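Summary of the model geometry
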Amino acid sequence: MIHKFNLNGYFIVLDVNSGGVHVVDELTYKLLDFVADPLPEECPREVLEALTPEYESEEILETYGEIYELYRDGILFSADDYAQFADRMVASPIKAMCLHVAHDCNLRCKYCFASTGDFGEGRRLLDFETGKKAIDFLIEKSKGRHNLELDFFGGEPLMNFDVVRQIVEYARSLEKEHNKLFRFTITTNGMLLDDAKIDYINKEMSNVVLSIDGRREVNDKMRPCINGKGSYDIILGKYKNLVEKRGYDQYYARGTFTKYNLDFADDVLHLYEEGFDQLSVEPVVSNPSEDYAITEADFPRIFSEYEKLAKEIIRLKKEGKAINFFHFMLDLDQGPCAIKRLRGCGCGNEYIAVTPDGDIYPCHQFVGMKEWKMGNLHDGSFNFKMKDYFSQTTVYNKSDCGDCWAKFYCSGGCNANNLQYAGDVLKSHKLSCELEKKRLECAIMIKAALAE
Amino acid sequence: MKHIKTLNNANLKKTAVKGGCGECQASCQSACKTSCTVANQKCEK
Ligand code: SF4
Ligand code: SF4
Ligand code: SF4
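If you're wondering where the values come from, they're calculated on a predicted model, not measured in any experiment.

1. Re the site of ligand 3
- Lining the immediate surroundings of ligand 3 are twelve residues, of which Cys345(A), Cys363(A), Cys414(A), Ala416(A) and Cys28(B) lie closest.
- Of the residues assigned to the shell around ligand 3, the class counts are eight nonpolar, four polar and no charged.

Here it is in structure tokens:
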């Protein structure tokens, strides 16, 4: 399978199964419309006829020769032989946890998927006893894995920061004995950041996600405080302080865009101008009936905005500036192995979420969906059958993904979004797919531009 | 080649054989928490 696209003046061909990325001229691009696997060694007569007189026959033959060479080398029209690996997929150790330390929040973001912090389950904080059990659970269930990840999430985790510290200390005290390395991360809205917390976070957390949507008016429209006032002026300075003290490393300024700021490239660039160079601004995923929801009608606008952002990033990078947009990050040579790409996020299999009540869910976006509760830390229950189910959620088991050119980049999308908006974990959420594919094309195009 | 420039060494297939050690970051942990892009994760091997 190949995928070709023309973007920002580049003709690009992706060989899906080998991961080969080729920048081609217009003739090659057109010629590829007339050939399919298996390719004959000689250029078929129909191809010649179709492309003359627009092109010289000598040139066409030469181009065909190059295409054939890549085909022979297995980097164009290469075969899909990954299904055998997908069939062998088994349940993995659990090595990553999203720990909901606070089902409460001090902002009232309008698009919150956690119903203003409590996931529809009532406002509460996780206590240290439950946190300890979570760490014990992770150590016990991660047999065979050294690197463990724990994200302090909410609601707003800084509302329960003392317990965060206690949990970090407890986990660190067990690392040696069990030969584990904990990598802590935290996702915060910034409201309660102060110097002491910043220093602690910068010392202990391997990544920190700072929520902010971009320009003041954009942020404040969707991320108001409880009293209705905007949060931008409260958080911006705190974020700058944190990032500066951190040495501008291993963090993300992370926003959401909605129908109200379809010009979101300006929000990304606004954050960049404010001094943040690790950026992630992502489309809201919501019920289509919400007034802020993104719909298919918004695609042309969103696509051109991604293109605009991509071009701006190319310009900045060519000037030697550092800027990293999460969804355009792509390493064409050293990315994840094919096995990892078959199964994507690992939710419910190697990744789980734990609530203040000790309930276990496949991931943070499943929290509160009672039928997807996997177990509880206090009564020791755990649904291994459900874990097995998630271990099988590969791109080959998802109805739309097997034939999709983006399958090894997207890895089958978000199981939670699939369930909520397409009705089934194994069905793709089309809206997300289209956005994902556009971002990938932009990411690949950026590589082509920077390779010049 | 005159008409085609290949940008990478297209080694995805080789990675299938030795891959799957599971030591790398779970994708949703890194930044987004709402979507899945795996290709931008780092391999730890
Ligand atoms: S660390 Fe590398 S080889 Fe191991 S599973 Fe992750 S991507 Fe694959
Ligand atoms: S979720 Fe959508 S974009 Fe991703 S692999 Fe499946 S069909 Fe393709
Ligand atoms: S199901 Fe979606 S939200 Fe949950 S871990 Fe996977 S990608 Fe992330």
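2. A closer look at the confidence of the model for chain B
- Of all residues in chain B, 73% attain a pLDDT of 70 or more, and the chain-wide mean is 81.
- Reported confidence for the predicted complex is 0.92 by ipTM and 0.95 by pTM.

3. Things to note about the pattern of salt bridges
All names here are of chain A.
- What the rule picks out here adds up to 40 salt bridges over all chains.
- The partner of Glu 434 in a salt bridge is Lys 437, with the nearest N and O atoms 3.5 Å apart. Taken together, the residues Glu 434 and Lys 437, both in helix 16 (residues 430-450) and three residues apart, mark about one turn of the helix.
- Accessibility expressed as a relative area gives 30% for Glu 434, which makes it partly exposed.
- Sharing partners across several salt bridges, the network here consists of Arg 215, Asp 263, Asp 266, Asp 267, Arg 301, Glu 305 and Lys 308.

4. Some remarks on the site of ligand 2
- Near ligand 2 the following residues occur: Asp400(A), Cys401(A), Cys404(A), Lys407(A), Cys410(A), Gly412(A), Gly413(A), Ser428(A) and Cys433(A).
- The residue makeup of the shell around ligand 2, split by class, is four nonpolar, three polar and two charged.

Rules and cut-offs
Residues numbered from 1 in each chain as written. Chains lettered and ligands numbered in written order. Predicted model: local features only at pLDDT ≥ 70, side-chain atom pairs only at ≥ 80, totals over all residues. Heavy atoms only, no water. Near = heavy atom within 4 Å. Nonpolar A, V, L, I, M, F, W, Y, C, P; charged D, E, K, R; others polar. pLDDT = per-residue confidence, 0-100. Salt bridge = Lys/Arg side-chain N within 4 Å of Asp/Glu carboxyl O. Helix = DSSP H or I, 4+ residues; strand = E, 2+ residues; numbered from the N terminus. Buried < 20%, exposed > 50% of the residue type's maximum accessible area, 1.4 Å probe, protein only.

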